[in-house]
Amino acid sequence: MDRFFYRLECFLKGQVSRKTFLKILLGGLTSFVAGNAFLKYAFAKSEGSNGRISRGITGNADIIVAKGVDPYRNTVEAVKGIGGMGKFVRKGDTVLVKPNMAWDRTPEQAANTDPAVVAALVEMCYASGAKKVNVLDVTCNNEKLCYEHSGIAAAVKEKGANVYFPDHWNVVKAHFPYESPMEGWPVLRDAVDCDVFINVPVLKHHGLTGLTLSMKNLMGVCSGTRGMIHFNIGRKLADLTDFLKPDLTVIDATRVLRAHGPSGGDVNDVEKMDSVIVATDPLLADMYASKLFGKPPMEISYISEALARSPEKKDLAKAKVVELST
């Protein structure tokens, strides 16, 4: 676009012919449309969806927490504890593994999910018979740099995953059986049509919502003008979670960004907790992770919104929590 505005200035100064300027104008508009998620959705042929159909699988416990210095081993042992990946993934399944890799940050800066956690999940999915394991995120910074510098793209490619940039032309409109501020929102089709959805956020501070947890991480499969989701965000994320119904939630608390999130950048804000939290219920996973961070769960708007719908889960002490040392 900088080149376009430079040529515009030249045209206005009489340094570029009318014919040349029209060519540049057409090229500039094409480039703008190609890079704009909102316009892609506006012109894309999209269908409605009533949301993912969950298999409704429950684990051997409500929450499994694996603690140890190796994030790969923590992930493997936590998934074994919940019942094993074979409990969720069947032969021939297409699986979406959705990490947080939205920021142009290294693993040490803790703004993205640890690559070893994501790689372990991909490996276990294939070992359980998955036909394809897709890995993607709608990033906040340059997508190529995010994928590369997070270390996730390289780690999951080595395990055979299909890691790619989201296609904003290929979305569905979210429909709800109740009135929702997310009605009609464009959601990536690959996140809705997959057989198994594994949500893999990193636990970290977030300046607006208090914390990034699993429900917040689901924004990474939304297209359109995502900044608008931040208005009434508690209600919107609770509805989005209800729409997507993740089968398995894996919260990476290996390195935890304690301040200046969600982007961070200063390694002095990072605390090593060396933990991986696994649950089939995203609300319980988020409540546990919030307490681990030291923040009352009810202070997180999307948790309080979800709890208002499921008040029986309010007392986390009633949940079956298994802690493992690896």
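Right above here is the structure, for reference.
So, a few notes on the structure that sits alongside this text.

Definitions and cut-offs
Residues numbered from 1 in each chain as written. Predicted model: local features only at pLDDT ≥ 70, side-chain atom pairs only at ≥ 80, totals over all residues. Heavy atoms only, no water. Buried < 20%, exposed > 50% of the residue type's maximum accessible area, 1.4 Å probe, protein only. Helix = DSSP H or I, 4+ residues; strand = E, 2+ residues; numbered from the N terminus. Pairing = 2+ DSSP bridges. Salt bridge = Lys/Arg side-chain N within 4 Å of Asp/Glu carboxyl O. Expected span 1.5 Å × (residues − 1). Polar contact = N/O pair within 3.5 Å; in protein donor to acceptor, adjacent residues only side chain to side chain. Phe/Tyr/Trp six-rings, centres within 6.5 Å; stacked < 30°, edge-to-face > 60°. Lys NZ or Arg CZ within 6 Å of the ring centre and 35° of its normal.

## Considering the pairing of strand β12 (residues 270–279)
Phase 1 of the analysis: Extensive coverage of β12 is indicated by the burial of 7 of its 10 residues.
Phase 2 of the analysis: Here 8 bridges tie strand β11 (residues 248–257) to β12, and the two strands are oriented antiparallel to one another. Within β12, the residue paired with I251 across the bridge is I277.

## With respect to the pattern of salt bridges
Phase 1 of the analysis: This model, assessed by the stated rule, comprises 15 salt bridges.
Phase 2 of the analysis: A salt bridge links R189 to E47; the shortest N-O distance between them is 3.5 Å. Taken together, the residues R189 in helix α8 (residues 189–193) and E47 in strand β1 (residues 47–49) connect sequence positions 142 residues apart.
Phase 3 of the analysis: Where R55 meets D93, a salt bridge forms, and the shortest distance between an N and an O atom there is 2.9 Å. Of the two residues, R55 is situated in the loop between β1 and β2 (63–67) and D93 in the loop between α4 (71–82) and β3 (94–99); the sequence distance between them amounts to 38 residues.
Phase 4 of the analysis: Owing to a relative accessible area of 28%, R55 belongs among the partly exposed residues under this scheme.

## Here we look at unusual backbone geometry
Phase 1 of the analysis: With an omega of 15°, the peptide bond between G261 and P262 qualifies as cis.
Phase 2 of the analysis: Mapped onto the elements, P262 comes out in the loop between β11 and β12.
Phase 3 of the analysis: Despite not being glycine, A110 has its phi angle at roughly 65°, a positive value.
Phase 4 of the analysis: In this structure, A110 sits in the loop between β3 and α5 (115–127).
Phase 5 of the analysis: Although it is not a glycine, H260 sits at a positive phi angle of roughly 60°.
Phase 6 of the analysis: Inspection of the secondary structure puts H260 in the loop between β11 and β12.

## A word on helix α11 (residues 282–293)
Phase 1 of the analysis: Compared with an ideal rise of 1.5 Å per residue, which puts 12 residues at 16 Å, α11 spans 16 Å between its outermost C-alpha atoms and is within 8% of the ideal.
Phase 2 of the analysis: The element α11 is largely enclosed, with a buried count of 10 among its 12 residues.
Phase 3 of the analysis: Of all the positions in α11, only P282, L283, L284, A285, D286, M287, Y288, A289, S290 and F293 are classed as buried.
Phase 4 of the analysis: Between a side-chain oxygen at the N-terminus of α11 and the backbone nitrogen of L283 the separation is 2.8 Å; the capping residue is D281.

## Here's the deal with the packing of aromatic side chains
Phase 1 of the analysis: Enumeration over the complete set of coordinates arrives at 3 aromatic pairs.
Phase 2 of the analysis: Here F176 and Y178 contribute two aromatic rings whose centre-to-centre distance is 5.7 Å and whose plane-to-plane angle is 45°, an arrangement assigned as tilted.
Phase 3 of the analysis: By relative accessible area, F176 is classed as buried at 12%.
Phase 4 of the analysis: Among the aromatic residues, ring-to-ring pairing joins F176, Y178 and F243 into one connected group.
Phase 5 of the analysis: Above the plane of the ring of F293 lies R258, whose end atom (NZ or CZ) is 4.2 Å from the centre.

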